[in-house]
Amino acid sequence: MALDVDTHNPLRRPGELVGLVQAILDGDPNDETSWLEWKSGLDLTSARGRFHVGKGVLGLANRLPAPAAANCGGAGYVVVGVEPGNLTGVESVDPAQLDDGLSPYLGGA
């Protein structure tokens, strides 16, 4: 079963991103794709949580360009705090601190 979300263009607007979260929540555990990875139960202030997010970002960044472009204009999404049937959310994290915490896994700027 495919996620119920339009992937013809990148999802950028708040309503589109909310729709993506809802599609994941309503989806099947087997719906994870090459352009989307979801994680629940991660603490983004911990090295372990940041490692898992960084790993997901690197996986999306290493896709072949032509197949990647087939969905969401090549954009990829790591969504934290939701999985099919389970909306856990995450503790609020300062974006600058999250960026600093992901930097060691993503190679900085």
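**Some details on helix 2 (residues 47–61)**
Since the α-helix turns once every 3.6 residues, residues separated by three or four places project in the same direction.
Consideration 1: If you check helix 2, its first and last C-alpha atoms are 21 Å apart, about what 15 residues at 1.5 Å a residue would give, namely 21 Å.
Consideration 2: Residues of helix 2 that are buried include every one of Gly 49, Arg 50, Val 53, Gly 54, Gly 56 and Leu 60, and no others. Buried residues of helix 2, viewed axially, fall in a sector of 160°; they line one side. Exposed side chains of helix 2 directed beyond 90 degrees from the buried face belong to Arg 48 and Lys 55.

**Description of the confidence of the model for the chain**
Consideration 1: Confidence along the chain averages 93 in pLDDT terms, with 97% of residues attaining 70 or more.
Consideration 2: Looking at the elements of the chain, mean pLDDT is at its lowest for helix 4 (residues 95–106), recorded as 92, and at its highest for helix 1 (residues 14–26), recorded as 97.

**Structural notes on the packing of aromatic side chains**
Consideration 1: Overall, the coordinates contain two aromatic pairs when judged by the stated rule.
Consideration 2: For the ring pair Trp 35 and Tyr 77, a centre distance of 6.1 Å and an interplane angle of 90° mean the geometry is edge-to-face. With Trp 35 in the loop between helix 1 and strand 1 (36–39) and Tyr 77 in strand 2 (residues 77–80), this pair connects stretches of sequence that are 42 residues apart. Neither Trp 35 nor Tyr 77 differs from the other in exposure class; each is buried.

The rules behind the values
- Residues numbered from 1 in each chain as written.
- Predicted model: local features only at pLDDT ≥ 70, side-chain atom pairs only at ≥ 80, totals over all residues.
- Heavy atoms only, no water.
- Helix = DSSP H or I, 4+ residues; strand = E, 2+ residues; numbered from the N terminus.
- Expected span 1.5 Å × (residues − 1).
- Buried < 20%, exposed > 50% of the residue type's maximum accessible area, 1.4 Å probe, protein only.
- Arc of directions from axis to C-beta.
- pLDDT = per-residue confidence, 0-100.
- Phe/Tyr/Trp six-rings, centres within 6.5 Å; stacked < 30°, edge-to-face > 60°.

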